[in-house]
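# Report on the structure
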Amino acid sequence: MALKIASRFRRLLQRPGSIDLGPYERLTQLVGEAEESVLSLTDEELTEAAAELRTTGGLHEDEQIEFLALARDAGQRAIGERAFDGQVVGALAMLQGRIVEMATGEGKTLAGAIAAAGYALGGRKVHVLAVNDYLAKRDAEWMGPVYELLGVTVSHVGQASTPEERRAAYQAEVCYVPVNEIGFDVLRDRLVTDVADRVTAEADVALVDEADSVLIDEARVPMVLAGATRNEALDDDVVQLVRTLRAGVDYEIDGDGRTVALTDKGTDKVEEALGEAAAVNEEASDEDVDDEAKDDEAKDDEAKDDDEAEVAVEPERPRFNLYDDENLDRLTQVNVALHAEVLLRRDVDYLVRDGKVSLINNSRGRVAKLQRWPDGLQAAVEAKEAVPVSDSGEVLDSITVQSLIRRYKSLCGMTGTAVVVGESLQEFYEVDVAVVPPNTPNVRKDDQDRLYLTVEQKNEALVEHIAEVHETGRPILIGTHSVEESEQLSDRLEAAGIPHVVLNAKNDAEEAGIIAEAGVPGTVTVSTQMAGRGTDIRLGGKDETHDKEKALELGGLYVIGTGLHASRRLDDQLRGRAGRQGDPGGTLFFASLADELVTRYSVSSGLRPHPDETGRLTDRKSTGMLEHAQRVADGANAELHRTTWQYNRLTGQQRAILLETREQVLTEDLAATELSERAKERYDELVDEVGEDVVKAAARRIALGHLDRRWTDHLAYLADLREGIHLRSLAGGIVHLKPIDEFNKSAIASFDTLISDAWDDAVETFTTAEITADGLDEDASGIPRPTATWTYLVNDNPFGTEADRILGRLRNAIKPESAAEPEEILAEEFDEDDLPDELRDDEEPDDEPRNGKAD
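Residues numbered from 1 in each chain as written. Predicted model: local features only at pLDDT ≥ 70, side-chain atom pairs only at ≥ 80, totals over all residues. Heavy atoms only, no water.

If you tally the helices and strands in the protein, you get 31 helices and 26 strands. The proportion of buried residues among the 855 residues of the protein is 51%. Within the protein, counting contacts between residues at least 6 apart in sequence, those at least 24 apart form 77% of the total. By element, 46% of the accessible surface of the protein is carried by carbon and sulfur atoms, the whole surface being about 40200 Å². (Helix = DSSP H or I, 4+ residues; strand = E, 2+ residues; numbered from the N terminus. Buried < 20%, exposed > 50% of the residue type's maximum accessible area, 1.4 Å probe, protein only. Contact = heavy atoms within 4.5 Å. Areas by Shrake-Rupley, 256 points an atom, 1.4 Å probe, with all protein chains shown as cover.)

As structure tokens, then:
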């Protein structure tokens, strides 16, 4: 009954994307009744009963009831966990293709395993997509005994898995795999020249763990398969030159801190320095003139009469123009070096460890393994940090998480925060959210956010509050936004004499162990936002034996946020670490008007804050700015996701057409058929010499090579096209040209002849290829295959230009709101010098009342 009331109440409030749980509640009651007949079965009989349910058309309602009764008892027998009604409801919802929202500690892992087993018994292959290797391995091994008792095979894939291990793992009925790994495997399989080299299985059912993180936060980040081409090392003179440039004089940073550009003075300085360097190089090359020619010239000069000798005039060197076409490479190097030097911060955007630059995933606070910046920016950061420059390469193929997920016939998943992105999940994936109430009521206390004028005032109040709570012995978990912030806070806590442990991307290998002990009384854990997500924080520690009762008496885990995030959902994820399974808990967030969230996503015009002696702000207009900033940030991210998907959709359709042809070439005799018709004389001649099977194999390799080459070139063209498409859209003058329309028009024109051009290339190669009884000599025949390949993730639009355009529109469209009228602050009481630099207005505020009301 409680489930039904809560579900109906949500529908009454029109929570976006949430569905009525009534039908699932009814089936859950029937599962409870059916469970009585299962308890008397032996383990072998339970396995046999599950086997009798196997079908190829999916489990029907009656079969689902019987299966869930078996699965609930299997959980109790195998791992000592009997699924609560809420977990059964969650499993049912996933079996119906829903994204399930369940609070932290409510047993999502078991609910997901039950749903995966249900799909498997219904004749489906399931990929449980995890966010990292650790969770994929942990959950596969943890739930393994449950699957075994139900007669379902299970496996897992990790970064260290060999091709043979991957191939075997994907054959299991349920495979736990990080989303990046399955993406990279799909990309590699698209380039195989032999069917036997494939490792993945058909994309059937995707059950996504941490669904909001995977489907929304990472949806637009492309996974890339690259082939070795060149090294992108920056010239040292450019790196050193950029370090001499001065902010505000030689370059300017936009208000959002997303882009940087040379001023006229900076351009002159760069051109003068590079011009001198070019002159030195030119003089050095002049010194290589033949010695004999120099001697002859000297003799001629001596023979001339001094009175008649002409005075040699050194010709004036042309001024070095950074924007000449011939200097395009230098301009690019200067721009990326300047971006790396000024905008990318060590321990915030990236780490340097083991002699390598490792990017930080901002949404998780973890090292983004295999992730890198494109367009020379990676090399610029490596030059900045004086570490070896990594290999570069051309993109052979790429796929976004969203495109990867949409390959599956069925999609479901689970997370602790889905309702907030319910509309996006419906828009991009056509799935609804099922919100499952907790097994026991949530008694966590979420305190009102504390807002301060400056970052320094916020930090002082933050440390003081942590000290007060720590004196009571209550366990504290502090969520920070970056590695840098976590270490700065650690220094402040150390200075205040507060013992603590730090968990960030620098020690992420120990994260599960550290975060599991965060519920021990007296413990203070400083963590980046997403570190430890997926690991339970139990009061009293992992085994609940370290003063659990004391932790309960003190009010449970106390979560403190050092600042609000760009998405309210990320704040909710941090809050959700407290109050597990009805435990007491508390949360409090600190913020300031100088935080990046406010300075980047809100508008300071007309703001007249009136802080108390500690710098704290309580007026409704100031506090309302935080909510406004989050709305703008959420809107900007959603619009960027939407725009990225629009650009990727056509590329995906073109890729599907190419892959259809490629599949025919790979698995059939399409290449032999085409080449025998287009180069019949050559084909017949080779068949007589080496046999038809050898010729067919050679034709296949040649055709695949040119199809892949043409696709690689097409991707490079699309990347360049997208980079400048907004400039092209301005060429319409009065008639506004939509960038996406212009992009699609050019992309279609480029793709129209791609496959036919590939066949023309194949015919040309076939007529001269080295083909013997041993097969095709690819090197001698010039077949374009990469010498090496590797995979990585890449941040889309690293310079943020598209996001900035979206943000600019949203700023104008969304106005700050608050639940009530802001408190009046008299002008004579306000001193603009009190404002942080980031929020000061250059112009006098408008004292005229708006909408007939005075502020």
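Attention now goes to the packing of aromatic side chains. For the structure on display, the rule yields 5 aromatic pairs. For the pair Tyr452 and Phe590, a centre-to-centre distance of 6.2 Å together with 10° between the ring planes defines the contact as stacked. Of this pair, Tyr452 sits in strand 17 (residues 450-452) while Phe590 sits in strand 22 (residues 585-592); the two residues are 138 residues apart in sequence, bridging distant segments of the chain. Classification of Tyr452 as buried rests on a relative accessible area of 4%. Judged by its relative accessible area of 0%, Phe590 is buried. (Phe/Tyr/Trp six-rings, centres within 6.5 Å; stacked < 30°, edge-to-face > 60°.)

On the surface, Glu44, Glu45, Glu48, Glu52 and Glu66 cluster together into a patch of negative charge. The element that contributes the greatest number of residues to the negative patch is helix 3 (residues 43-52), accounting for 4 residues. You can see Glu48 is positioned in helix 3. (Patch = residues over 30% accessible without salt bridge, like charges linked within 9 Å, V, L, I, M, F, W, Y side chains within 5 Å. Salt bridge = Lys/Arg side-chain N within 4 Å of Asp/Glu carboxyl O. Lys, Arg positive; Asp, Glu negative; His and termini not counted. Charge placed at Lys NZ, Arg CZ, Asp CG, Glu CD.)

Once that is clear, we can look at the sheet that holds strand 14 (residues 410-415). Taken in spatial order, the 7 strands of this open sheet run 3-4-2-5-14-1-15, and their pairing is parallel. Strands at the two margins of the open sheet, each flanked by one partner only, are strand 3 (154-156) and strand 15 (433-435). Pairwise comparison of adjacent strand axes, ignoring direction, gives a mean angle of 20° for this sheet. Inspection of the sheet shows strand 2 (residues 126-130) paired to strand 4 (residues 174-178) by 5 bridges, in the parallel sense. Bridging from a neighbouring strand, Val128 pairs with Tyr176 of strand 4. The sheet contacts of helix 6 (residues 108-121) involve strand 2, strand 4, strand 5 (205-209) and strand 14, and relative to strand 14 the element is tilted by about 165°. (Pairing = 2+ DSSP bridges. Axes fitted to C-alpha atoms, helices over the stretch in contact; angles between N-to-C directions.)

Looking now at the side chain of Glu485. Inspection of the secondary structure assignment puts Glu485 in helix 19 (residues 483-495). Buried charge without a salt bridge: Glu485, with Lys458 as the nearest opposite-charge side chain at an N-O distance of 4.5 Å. Once you skip the residues sitting within four places of it in the chain, Glu485 turns out to touch Thr480 and Thr562.

Moving on to the confidence of the model for the protein. Per-chain confidence: the protein averages 83 in pLDDT, with 79% of residues scoring 70 or above. At the low end of the mean pLDDT range in the protein sits helix 31 (residues 801-813), at 45; at the high end sits strand 3, at 98. When the criterion is pLDDT under 50, residues 6-15 qualifies, and its contacts beyond four places in sequence or with other chains add up to 14 contacts. Across residues 841-855, where pLDDT falls below 50, the model places 14 contacts with residues more than four positions away in sequence or in other chains. (pLDDT = per-residue confidence, 0-100.)

Our focus in this paragraph is helix 11 (residues 236-243). Among all positions of helix 11, only Val238, Val239, Leu241 and Val242 are buried. One side of helix 11 carries all its buried residues, which in axial view fall inside an arc of 165°. (Arc of directions from axis to C-beta.)

Before going further, it helps to examine the nonpolar core. Generally speaking, soluble globular proteins have nonpolar side chains that are buried together. With 103 residues, the main nonpolar core has Phe67, Leu150, Leu215 and Leu425 as its most contacted residues. In this view, Leu215 contacts Ile99, Val208, Ile405, Leu411, Leu425, Tyr429 and His641; residues no more than four positions away in its chain are not counted. Leu658, Val665, Ala671 and Ala703 belong to the second largest nonpolar core, which has 33 residues in total. (Core = buried A, V, L, I, M, F, W, Y, C linked by side-chain atoms within 4.5 Å.)

This paragraph deals with the pattern of salt bridges. Side chains that differ in charge, positive against negative, can pair when their charged atoms come close. Here the structure, examined in full by the defined rule, presents 49 salt bridges. Among the ionic pairs, Arg538 bridges to Glu544, the shortest N-O distance being 3.1 Å. Take Arg538: its relative accessible area is 26%, and that puts it in the partly exposed class. Three or more residues are tied together by salt bridges with common partners; here these are Glu35, Arg72, Arg82 and Asp85.

Structurally, Gln240 is set in helix 11. For Gln240, a relative accessible area of 38% gives the class partly exposed. Expressed as a C-alpha distance, the spacing of Gln240 and Ala383, which sit 143 residues apart in the sequence, is 9.7 Å.

When you tally the buried positions in strand 21 (residues 557-561), you get 5 out of 5 residues, the bulk of the element. Here strand 21 shows two buried faces, one formed by Leu557, Val559 and Gly561 and the other by Tyr558 and Ile560. Alignment of strand 18 (residues 476-480) against strand 21, held across 4 bridges, turns out to be parallel. Across the sheet, Leu477 pairs through a bridge with Val559, a residue of strand 21. Pairing between strand 21 and strand 22: 5 bridges, direction parallel.

Residue placement: Gln426 occurs in helix 17 (residues 422-429). Gln426 gets classed as partly exposed once you look at its relative accessible area, which sits at 34%. The residues contacting Gln426, other than those within four sequence positions of it, are Val431 and Asp432. Of note is the side chain of Gln426, whose polar atom sits 2.6 Å from the side chain of Asp432. (Polar contact = N/O pair within 3.5 Å; in protein donor to acceptor, adjacent residues only side chain to side chain.)

Once that is clear, we can look at helix 5 (residues 85-95). Residues separated by three or four positions in an α-helix point in the same direction, a consequence of the helix having 3.6 residues per turn. Among the 11 residues of helix 5, 10 are classified as buried, and the element is accordingly described as predominantly covered. Listing the buried residues of helix 5 in full gives Gly86, Gln87, Val88, Val89, Gly90, Ala91, Leu92, Ala93, Met94 and Leu95.

Of all 5 residues that make up strand 4, 5 are buried, and the element is covered over most of its length. Burial along strand 4 is two-sided: Val174, Tyr176 and Pro178 and Cys175 and Val177, pointing in opposite directions, are all buried. The handedness of the strand 3 to strand 4 crossover, carried by helix 8 (residues 163-170), is right-handed. (Right-handed = clockwise from strand over helix to strand, strands pointing away.)

In this model, Glu210 sits at a positive phi of 50°, which is unusual for a non-glycine residue. Inspection of the secondary structure assignment puts Glu210 in the loop between strand 5 and helix 10 (211-217). Take Glu210: its relative accessible area is 6%, and that puts it in the buried class.

Here we come to the environment of Leu27. Residue placement: Leu27 occurs in helix 2 (residues 22-35). On the basis of relative accessible area, Leu27 is assigned to the buried category, the value being 7%. Separated by 35 residues in the primary sequence, Leu27 and Asp62 have C-alpha atoms spaced 9.1 Å apart.

Turning to the packing of helix 2 against helix 4 (residues 61-79), a few remarks are in order. The interhelical angle for the contact between helix 2 and helix 4, taken along N-to-C directions, is 60°, at an axis separation of 8 Å. The angle between helix 2 and helix 4 falls in the class oblique. Along this stretch, helix 2 crosses helix 4, giving a crossing that reads as right-handed. Between helix 2 and helix 4, the residues in contact are Arg26, Leu27, Leu30, Val31, Gly32, Ala34 and Glu35 and Glu61, Ile65, Leu68, Ala69 and Arg72, respectively. Split by residue class, the contact of helix 2 with helix 4 holds 7 nonpolar, 1 polar and 4 charged. (Parallel < 35°, antiparallel > 145°, perpendicular 65-115°, else oblique. Left-handed = near helix turned anticlockwise from the far one by under 90°. Nonpolar A, V, L, I, M, F, W, Y, C, P; charged D, E, K, R; others polar.)

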